[in-house]
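These are the residues of each chain, in order.
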Amino acid sequence: MGLLSLLRKLKSAPDQELRILLLGLDNAGKTTLLKKLASEDITQTTPTQGFNIKSVQSDGFKLNVWDIGGQRKIRPYWRNYFENTDVLIYVIDSGDRKRFEETGQELGEILSEEKLAGVPVLIFANKQDLFNAAPASEIAEGLQLHTIRDRTWQIQACSATSGEGVKDGLDWVCKNLKKK
Amino acid sequence: MSSLLSKMGNCLLLLGLKKEKRPVTLLLVGLDNAGKTTAAKGIVGEPMEDVAPTVGFAPENLEYRGCEVTIYDLGGGSKIRPVWTKYFSEIHGVIFVVDSSDASRLEECKEVLVKLLSDKKIAGKPILVLANKQDVEGAMDEVDVVEGLGIEAVVNKYKCPTRVETCTATTTRSTNKPDKPIADGFRWLIDTIVVHYAVINKRVVKDMERERNHQKKEMEERKERLLRLRLERERAEKR
Ligand SMILES: Nc1nc2c(ncn2[C@@H]2O[C@H](COP(=O)(O)OP(=O)(O)OP(=O)(O)O)[C@@H](O)[C@H]2O)c(=O)[nH]1
Ligand SMILES: Nc1nc2c(ncn2[C@@H]2O[C@H](COP(=O)(O)OP(=O)(O)OP(=O)(O)O)[C@@H](O)[C@H]2O)c(=O)[nH]1
Ligand SMILES: [Mg+2]
Ligand SMILES: [Mg+2]
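The following refers to the structure shown. These numbers come from a predicted model, not from an experiment.

**Focus: the overall build of chain A**
- Each helix and strand counted, chain A has 5 helices and 6 strands in total.
- Along chain A, from the amino end to the carboxyl end, the secondary structure elements read α-β-α-β-β-β-α-β-α-β-α.
- Since a compact globule built from 180 residues should have a radius of gyration of about 16 Å, the 15 Å found for chain A is in line with a globular shape.
- Along the longest, intermediate and shortest principal axes, the C-alpha atoms of chain A span 45 × 35 × 30 Å.
- Surface accessibility of chain A: about 8,000 Å² in total, with carbon and sulfur atoms responsible for 49%.
- Between the mean site of the 25 positive side-chain charges and the mean site of the 24 negative ones, chain A shows a separation of 4 Å.

Structure (structure tokens):
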């Protein structure tokens, strides 16, 4: 089935449910982003120990978004959430250049998992409001995104606190659902 | 009997080998907003009503005239353009899309084109130039685009077989067929690659091998750096 007809079909069936996985290192801004998506107050977040889940409506889709804690000791549990993922959103702190290599390696490991084969990846280049935020090319290089060949990927500059770029990212997600 | 079976087996094997499709990888680039993604969706027969700017990598696949074609649709914005080079070693040919309705960006477009074709990994490979958005009033015609971008000089200098097509990538949305000039150009590109396949593919195989080794080395260095960082961190945590 072509993507367009797939989209049409999905659109005619309102509340088509999709599972979105939010991953990324600790402090990247995943929980802030999730709260922003759900239009909740974002002034306070604490490091996530387990997971948060929220349902967001977008473009006639019902997106069930799973936000998993990113601290090092929690990362081994990420794999418990891989099953049935439609789109992976990988969040990075665009100002934290020191950790680009670390986050790139984590992403590489995730993408080699069978359960996420072919799943499109949106890189939310978060915290663009910081004066030292890296541009897309530097992020692509730092995370070695060019080594990803088996699926589509997209960098979306955003700021979870101001909300800038967040909607554009969701639009991309809805347009690039895993072809089933 | 067994020899007959094995002969049949050989026969099937031969047929199977014969059917094997040639891999052809194309690079689809040009400035942002030129219409690359729109054109790619038309080529693979999945027209899109509205496209978002690509800031990344959007591969498309299709089978075409005995070839297994992969199109690397890359973002054209200046912030993502530096990643293009990462894909050069793999490609057999280039589709370069130009927004003919935007004369103000001709200079930028020319610089990008020259830089692209002068690259050692690209020079000599076939290139299809799509002078897109002909439906826009006042759009530059073929001659304007060829002259404006200095295409003649640059492709001659770098010995790239070239074809220029004026087109409207969006027509596919209403007709559900790819725009004819795009289809013609695409056929020319694939045919040209097929004719020169042995030479081009030899380059590709060699360049990819080099790239792989380079990448492997980089990955090992990276792993080592990360390991060192981890050990340092663990030592600090113990204290
Ligand atoms: N300047 C700026 N700060 C942000 C942005 N998004 C999040 N933050 C801050 O970054 C810190 C971490 O945000 P969280 O949302 O808790 O990060 P997380 O990715 O959920 O972290 P873990 O749950 O530990 O994995 C908080 O202090 C946020 O206020 C942003 O866009 N800009
Ligand atoms: N009028 C007209 N508009 C077109 C044509 N082709 C594409 N467009 C429009 O031009 C805009 C950009 O098209 P894209 O296909 O996203 O351009 P792109 O080259 O992929 O851009 P990047 O992904 O940012 O590099 C979209 O709004 C398209 O609808 C065309 O032939 N005529
Ligand atoms: Mg969190
Ligand atoms: Mg595009």
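Moving on, there is more to tell.
**Re a negative patch on the surface**
All names here are of chain B.
- Among the surface-exposed residues, D141, E142, D144, E147 and E152 lie close enough to one another that they form a single negatively charged patch.
- Considering every element that reaches the negative patch, the biggest residue donor is helix α4 (residues 142-148), with 3 residues.
- When you line up the elements, E147 lands in helix α4.
- Using a relative accessible area of 62% as the deciding quantity, one classes E147 as exposed.

**Quick notes on the layout of surface pockets**
- Of the pockets and cavities examined, the largest pocket occupies roughly 560 Å³.
- Taken together, 30 residues make up the lining of the largest pocket; nearest its centre are T152(A), N176(A), K41(B), P59(B) and E60(B).
- Contributing elements (two or more residues each) for the lining of the largest pocket: α5 (166-175) of chain A together with α2 (36-43), β2 (56-64) and β3 (67-74) of chain B.
- If you tally residues by element for the lining of the largest pocket, the top one is β2(B), at 4 residues.
- Forming the walls of the second largest pocket are 19 residues, and the residues nearest its centre are G104(A), G108(A), E109(A), T147(A) and M219(B).
- Those elements that place two or more of their residues in the lining of the second largest pocket are α3 (100-111) of chain A together with α8 (197-238) of chain B.

**Considerations on the pattern of salt bridges**
All names here are of chain B.
- The final tally for this structure, using the stated rule, is 34 salt bridges over all chains.
- With its nearest N and O atoms 3.4 Å apart, the salt bridge here joins K133 to D99. Placement of K133 in the loop between β5 (127-132) and α4 and of D99 in strand β4 (residues 93-99) is noted, with a sequence separation of 34 residues between them.
- Residue classification places D99 among the buried positions, given a relative accessible area of 12%.
- The residue R187 makes a salt bridge to D184 at a minimum N-O spacing of 3.2 Å. Of this pair, R187 and D184 both sit in helix α7 (residues 180-195), separated by 3 residues, roughly a single helical turn.

Each value, and the rule that gives it
- Residues numbered from 1 in each chain as written.
- Chains lettered and ligands numbered in written order.
- Predicted model: local features only at pLDDT ≥ 70, side-chain atom pairs only at ≥ 80, totals over all residues.
- Heavy atoms only, no water.
- Helix = DSSP H or I, 4+ residues; strand = E, 2+ residues; numbered from the N terminus.
- Rg over C-alpha atoms; globule rule 2.2 N^0.38 Å.
- Areas by Shrake-Rupley, 256 points an atom, 1.4 Å probe, with all protein chains shown as cover.
- Lys, Arg positive; Asp, Glu negative; His and termini not counted.
- Charge placed at Lys NZ, Arg CZ, Asp CG, Glu CD.
- Patch = residues over 30% accessible without salt bridge, like charges linked within 9 Å, V, L, I, M, F, W, Y side chains within 5 Å.
- Salt bridge = Lys/Arg side-chain N within 4 Å of Asp/Glu carboxyl O.
- Buried < 20%, exposed > 50% of the residue type's maximum accessible area, 1.4 Å probe, protein only.
- 1 Å grid on protein atoms, 1.4 Å probe; cavity = no way out; pocket = protein on both sides within 12 Å on 5 of 7 lines; lining within 4 Å.
- Points joined across faces, edges and corners; volume = space filled by probe spheres on them.

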